[in-house]
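# Understanding the architecture of this molecule
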Number of protein chains: 2
Amino acid sequence: MTEKTRNIEERSIWDDAQQMLRKAERDGVETAWDRLEHQTPHCKFGESGVCCRICTMGPCRISKKAPLGVCGAGADVIVARNFGRFLAGGAAGHSDHGRDCIEAFHAVAHGETQDYHIKDEKKMLRIADELGIATEGRELLDVAKDLADEFFESFGSRREEVGFIGRVPEKQRENWKKLGIMPRGVDREITEMMHRTHMGCDNDAANTLLQGARMSLGDGWAGSMIATEISDILFGTPSPRKAQVNLGVLKNDQVNILVHGHNPIVSEKILEAVNEKELIELAKEKGATGINLAGLCCTGNELMMRQGIPMAGNHLMTELAIITGAVELIVVDYQCIMPSLVQVGNCYHTKMITTADKARFTGAEHVKFAMDNGMEQARKVVRMAIERYTMRNPDRVEIPCEPVDMMTGFSTEALLDALGGSLTPLIDAIKAGKIRGAVGIVGCNNPKYKHDYCNVNLTRELIKKDILVIVTGCVTTAAGKAGLLVPDAIEQAGPGLKEICGALGIPPVIHMGSCVDNARILQLAALLANEIGVAISDLPLAASSPEWYSEKAATIGTYVVASGIYTHLGHPPNITGSPIITNLALGGLDDLVGACFCIEPDPFKAAELIDERIKMKRKGLGLEE
Amino acid sequence: MTEKTRNIEERSIWDDAQQMLRKAERDGVETAWDRLEHQTPHCKFGESGVCCRICTMGPCRISKKAPLGVCGAGADVIVARNFGRFLAGGAAGHSDHGRDCIEAFHAVAHGETQDYHIKDEKKMLRIADELGIATEGRELLDVAKDLADEFFESFGSRREEVGFIGRVPEKQRENWKKLGIMPRGVDREITEMMHRTHMGCDNDAANTLLQGARMSLGDGWAGSMIATEISDILFGTPSPRKAQVNLGVLKNDQVNILVHGHNPIVSEKILEAVNEKELIELAKEKGATGINLAGLCCTGNELMMRQGIPMAGNHLMTELAIITGAVELIVVDYQCIMPSLVQVGNCYHTKMITTADKARFTGAEHVKFAMDNGMEQARKVVRMAIERYTMRNPDRVEIPCEPVDMMTGFSTEALLDALGGSLTPLIDAIKAGKIRGAVGIVGCNNPKYKHDYCNVNLTRELIKKDILVIVTGCVTTAAGKAGLLVPDAIEQAGPGLKEICGALGIPPVIHMGSCVDNARILQLAALLANEIGVAISDLPLAASSPEWYSEKAATIGTYVVASGIYTHLGHPPNITGSPIITNLALGGLDDLVGACFCIEPDPFKAAELIDERIKMKRKGLGLEE
């Protein structure tokens, strides 16, 4: 075993990843792991959050020699400002995606598009009803117009509370008002955070962090939640179905197209196009046996949840998917798309297509998707992919493994259906200790940590302890590849969880969607709390993002904690230079919102910490161990 | 002369500043200049913009050894993302201030406050009319309600253009649409910028910079412009009046209160309170002869423009004002308030009061101002100041000089009045070459550059060349202290400017307000362009921010350039690590929007560069040198 090979085995737990990393080495292609080596060691000022570039009197760096920046800000204020903006980046990502969904829905309601339609009328009417919009005896599109307007209001300056706030248990709403963290409007909270963190504005670290909580709650209970609800309305509320996962979903003899990004608006049209007879015929003319569509990251989750489209991989697999040499084209919308994909594609025959004006990539071809041209553009993109098939070099193709089966499609609605229409069986199972609690494991990969090691092992440890696990985002792929997203996985679960999931015919690890769909988990937690008559923070719940990397993950963690759910992170954000912020995150928030963060890189120790918390919460509810 | 003393003379051109720096040394008080020494040398990665902390795969730093971040972003993308967020901080500051003004105006319109009123009904009706709101035969407050709603819309997601866009010359509006930089809604553009700069979103540097232009235009033509217009409606449109400037405005025998920040909503109430007989009597009971209110920075500019309240100093004078030992209390709203002021105040008897929940300072006392308690809270603050007077130690008081006279109050309306009601005399003077052009000199101080050296010398050089200068923000104080804001200053101007200003009885350097009031300059430029029938970029205009430090200054610079006005900066923002962004800023933008930036630390050379540009523009209009 050479030095380099050993290193590859430390990079990822997966065979498909390791094989592609070896191929990358042979093909002379650089990956995120290589770039990480070049960027190591990282700047200690940056890692601890005490480097400030917010004005040109600096940049300033806090040290013993220089404990204050030029303006007079110390470590606490500098960390708070940096972290506030970090959270703002995450809230903006999810919520601007939510706004794009509202614009699509608005276009549908006003008859401005032929390419998008209301697919789940029932859900639309139910939500309109929930938000106080008259539905009785009205035209569907008239209700839709009002609902679109209502959604826009949650982004504005005119409300004291975002629209879906009624879903939050009342006790918590009252607490948020008292703390001044009730989210008013998504964009407003983001702008206010950017304002507060300007030089000479908010210079009290705790006060800035509270605004971070308010802004993140706006993302969770409005921006992301609206994105999820509208996506269900336009493309269908997910229901359980089978799918497959890993690089083996690519096909040797077909035109392979990958969709990557987050918003289903582009990828749903690509899916329609690849199923069109004329385009399949064209692919056959070019020598392929058909067209194969697979997903990456959250756009992949969206298509998988609703349509059962296979998933090629998660964050750290995106470069490796191209390195198979079997991908004709990758079409992206936005977020988490490594800029390197253009260069990796150039090492093969892979074309990269961007679709959103807000996410251009130097070197990629731009095919702008708008409400009135979605289908037309999708066909254009698929034709480009077919053309590329003729350029594929079979000698450079290596598809490393066979796909693994998984189950997907557990929207909140589908989960309720699986439970027979009410939460009672779940609550009974929790009360009886058969399901001791539930944990959402979400988020990304990060090349600093062995790929999917923590995602998979934490999931396994928790189900052993009779804790139901819910996954979204990039953890989906990890759990799927590990064989944990099939009903047979109950064999790896503790006896109680095995009994309940076995009886319901569901896996012990439930796939609830993409990263904006963490709003589904919030909603489920709120439904449980309201049903039992307690706060979310009273429930035996936890969350974890073991291998996170993105601002969105930090924002999700913050809205989850602020919503009362204890949250584990595999590593801290860049806050450790501030005692005030660090202490608040790891403890102080517990007194304010009923939950806090914990940091633990080891998945086995993390499982113990989460287990302790669930014990404590069960005890608080008067339930037996 | 000791080493330290020589150093002090290099820190500022002003006697009052140098005296206070010497006193600071004696009193053992640290200032921004001292902290700058501790923070020097600055991090080269940060200064050139190639350090990225946008996700936890990093932090990454671009160098020859490591030309790409972990995600694959190179120097151009990293600089673009960082600079995009820098501009977002600035746009958010001004525009969230604008939102606060709308909320105040909304409260007045809906009768929710007794403390604020519509002072300039005529202006309100004129603006309502301009924005398409019916005014004829309607109750004033009903018009106000509609106008408040209209203003809120410019912050939302529902418009294709912000409300005041009709002020922009049509040719430029068409160009902005073509370039995709027409601002839609203030908050939306800020959120979209934060979204684009998330990892894996916008990875084309030029595309990100264009969004920077769109967002900044939203600040200039909406956020800031609305702040200015509402402030005029609520507190009166400024008209020419006398005022005084420098630390000599503090009074040895009076209770001295300083207001600092940006928004007049708090300071206007403080001003009312200090004029209340009962409180003046209370001050006299405590041994003072009265209560003296003076301003700092932009809150100071707001009070000076409308009420003639004296100005104690600009950005680098804020610590020094406290070091006089004569300040009982400093009351702040938000932005550009050094966190150090709390500590400097603690070295004397100076109490610091914060008033906005979004700008708390650890160690300061918080007296929250709301729409329904402004007067009550203002009285409370003034009483606190009076109490503090008894704690003043006369042995530690040193007020360093006599105040200098100046003229203020040149709103666009007032300038038109001074011109006899129309722009014709100004246009005639420009055509005749008596006024060769006009330059707005705006912005801050920065301890890296000798305090006010460039602000004052650039102003002097330009008026010598028959170029009319308009000042706002911290440059006001510099020009005022230099004696340039009085009619007699025409003696320092070239013959043409001397003739015109002499005839009109105005100074050759015109004070137009605070930094949000740069919107007044935009409006004036647009009025001129529309009157002549050209684009703003065709006019012999320029702008400069010689000693800027803040994100807001960068945003102002960007909206001014995007509006077609060539802009000089004394030093570059942290963009020099990207050839694409640097070349766009210094040249490429000229082809797109008809203006670009230039960087020149030397005020004499900067004056030449600006003069060349004005010559070129005059030639373009067919005017003689």
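Quick notes on the rules
Residues numbered from 1 in each chain as written. Chains lettered and ligands numbered in written order. Predicted model: local features only at pLDDT ≥ 70, side-chain atom pairs only at ≥ 80, totals over all residues. Heavy atoms only, no water. Phe/Tyr/Trp six-rings, centres within 6.5 Å; stacked < 30°, edge-to-face > 60°. Helix = DSSP H or I, 4+ residues; strand = E, 2+ residues; numbered from the N terminus. Buried < 20%, exposed > 50% of the residue type's maximum accessible area, 1.4 Å probe, protein only. Lys NZ or Arg CZ within 6 Å of the ring centre and 35° of its normal. Least-squares fit on C-alpha atoms with pLDDT ≥ 70 in both. Contact = heavy atoms within 4.5 Å. Axes fitted to C-alpha atoms, helices over the stretch in contact; angles between N-to-C directions. Parallel < 35°, antiparallel > 145°, perpendicular 65-115°, else oblique. Nonpolar A, V, L, I, M, F, W, Y, C, P; charged D, E, K, R; others polar. Pairing = 2+ DSSP bridges. Core = buried A, V, L, I, M, F, W, Y, C linked by side-chain atoms within 4.5 Å. Salt bridge = Lys/Arg side-chain N within 4 Å of Asp/Glu carboxyl O. Domains from an automatic or database assignment. Buried area = accessible area lost by both parts, 1.4 Å probe. Expected span 1.5 Å × (residues − 1). Arc of directions from axis to C-beta. Polar contact = N/O pair within 3.5 Å; in protein donor to acceptor, adjacent residues only side chain to side chain.

## Regarding the packing of aromatic side chains
Each aromatic ring pair is described using two quantities: the centre-to-centre distance and the angle formed by the ring planes. Counted according to the given criterion, the structure contains twelve aromatic pairs over all chains. A centroid spacing of 6.2 Å and a plane angle of 85° characterise the contact between Phe86 of chain A and Trp548 of chain A, whose relative ring orientation is edge-to-face. One end of the pair, Phe86 of chain A, is in helix α5 (residues 75-109); the other, Trp548 of chain A, is in the loop between β14 (541-545) and α23 (551-562), with 462 residues separating them in the sequence. When its relative accessible area of 1% is taken as the criterion, Trp548 of chain A is described as buried. In textbook terms, an aromatic cluster arises when at least three aromatic residues are bridged by ring pairs, as seen for Phe83, Phe86 and Trp548 of chain A. We note Lys269 of chain A situated over the ring of Tyr116 of chain A; from NZ or CZ to the ring centre the distance is 4.8 Å. The ring of Phe45 of chain B has Arg61 of chain B lying over it, and the distance from NZ or CZ to the ring centre is 5.2 Å.

## Concerning the relation of the copies chain A and chain B
For the pair chain A and chain B, the relating rotation is 180°, the translation along its axis is 0.0 Å, and the fit reaches an RMSD of 0.0 Å. Here the copies are linked by what is in effect a two-fold axis. Taken together, the interface assignments show that 100% of the residues at the interface of chain A recur at the interface of chain B, consistent with an identical surface on both copies.

## A look at the packing of helix α9 (residues 186-196) of chain A against helix α9 (residues 186-196) of chain B
The contact between α9 of chain A and α9 of chain B brings their axes to 9 Å, and the two run at 75°. The orientation of α9 of chain A relative to α9 of chain B falls into the category roughly perpendicular. Where α9 of chain A approaches α9 of chain B, its residues Asp187, Arg188, Ile190, Thr191 and Met194 of chain A are matched on the opposing element by Asp187, Arg188, Ile190, Thr191 and Met194 of chain B. Classifying every residue of the contact of α9 of chain A with α9 of chain B gives four nonpolar, two polar and four charged.

## Digging into unusual backbone geometry
The step from Thr40 of chain A to Pro41 of chain A runs through a cis peptide bond, and the omega angle for that step is 0°. The peptide bond linking Gly58 of chain B to Pro59 of chain B adopts the cis configuration, its omega dihedral lying at 10°. Its identity as a non-glycine residue notwithstanding, Asn246 of chain A has a phi of 110°, on the positive side. Note that Asn246 of chain A resides in the loop between β3 (241-245) and β4 (255-260). What makes Asn246 of chain A buried here is its relative accessible area of 5%.

## Details of the sheet that holds strand β13 (residues 509-513) of chain B
Residue and element names in this part refer to chain B. Strands sit in the order β13-β12-β11-β14-β15-β16 across an open sheet of six strands; the sheet is parallel. With one partner strand each, in any of the chains shown, β13 and β16 (597-599) form the two edges of the open sheet. Adjacent strand axes in the sheet meet at a mean angle of 25°, parallel and antiparallel pairs treated alike. As paired elements, strand β11 (residues 437-441) and strand β12 (residues 467-472) share five bridges and run parallel to each other. Bridging from a neighbouring strand, Ile441 pairs with Val471 of β12. Most of the contacts of helix α25 (residues 603-620) go to strand β15 (residues 566-569), to which it runs at about 175°, and overall it touches β11, β12, β14 (541-545), β15 and β16.

## Some details on the sheet that holds β14 of chain A
Residue and element names in this part refer to chain A. Within the open sheet, the six strands sit side by side as β13-β12-β11-β14-β15-β16. Their pairing is parallel. One side of each edge strand has no neighbouring strand; the edge strands of this open sheet are β13 (509-513) and β16 (597-599). Each neighbouring strand pair of the sheet contributes to a mean axis angle of 25°, computed without reference to strand direction. When strand β11 (residues 437-441) meets β14, the two strands line up parallel, connected through four bridges. Bridging from a neighbouring strand, Val439 pairs with Ala542 of β14.

## Quick notes on the nonpolar core
Counting residues in each nonpolar core, the largest one holds 387 residues, and the members touching the most others are Phe105, Leu147 and Phe151 of chain A together with Phe105, Leu147 and Phe151 of chain B. Apart from the residues lying within four places of it in its own chain, the contact partners of Leu147 of chain A are Phe105, Met124, Ile127, Ala128, Leu131, Ile133 and Ile233 of chain A.

## Re the pattern of salt bridges
Residue and element names in this part refer to chain A. Following the criterion strictly, the structure yields 104 salt bridges over all chains and no others. Where Asp187 meets Arg99, a salt bridge forms, and the shortest distance between an N and an O atom there is 2.7 Å. Residue Asp187 is found in helix α9, and its partner Arg99 is found in helix α5; the two are separated by 88 residues along the sequence. On the basis of relative accessibility, which here comes to 0%, the residue Arg99 falls in the buried class. A salt bridge links Lys171 to Asp538; the nearest nitrogen and oxygen atoms lie 3.6 Å apart. Here the residue Lys171 occupies a position in helix α8 (residues 170-179), and Asp538 occupies one in the loop between α22 (518-532) and β14, the gap between them amounting to 367 residues. Lys171 gets classed as exposed once you look at its relative accessible area, which sits at 57%. Through salt bridges with shared partners, a single ionic network connects Lys123, Arg126, Glu130, Arg167, Glu229, Asp232, Glu302, Arg306, Glu413, Asp517 and Arg520.

## A word on the domain arrangement of chain A
All names here are of chain A. Taken domain by domain, chain A holds domain 1 (10-61), domain 2 (75-235), domain 3 (247-396) and domain 4 (407-620). For domain 2 and domain 4, the distance between their C-alpha centres works out to 23 Å. Listed per partner, the contact involves 40 residues of domain 2 and 39 residues of domain 4. Of all residues in domain 2, Phe86, His94 and Gln172 bury the most surface against domain 4, accounting for 18% of the area lost on that side.

## Details of helix α25 (residues 603-620) of chain A
Residue and element names in this part refer to chain A. The first and last C-alpha atoms of α25 sit 25 Å apart over 18 residues, in line with the 26 Å expected at 1.5 Å per residue. Within the span of α25, buried status applies to Pro603, Ala606, Ala607, Ile610, Asp611, Arg613, Ile614, Lys617 and Arg618. Seen from one end, α25 has its buried residues packed into an arc of 165°, which puts them on one side. Along α25, exposed side chains directed more than 90 degrees from the buried face belong to Lys605, Lys619 and Gly620. Taking the backbone nitrogen of Phe604 as reference, a side-chain oxygen 2.9 Å away marks Asp602 as the first, capping residue of α25. Gly622 occupies a position one or two residues after α25 and carries a positive phi of about 75°.

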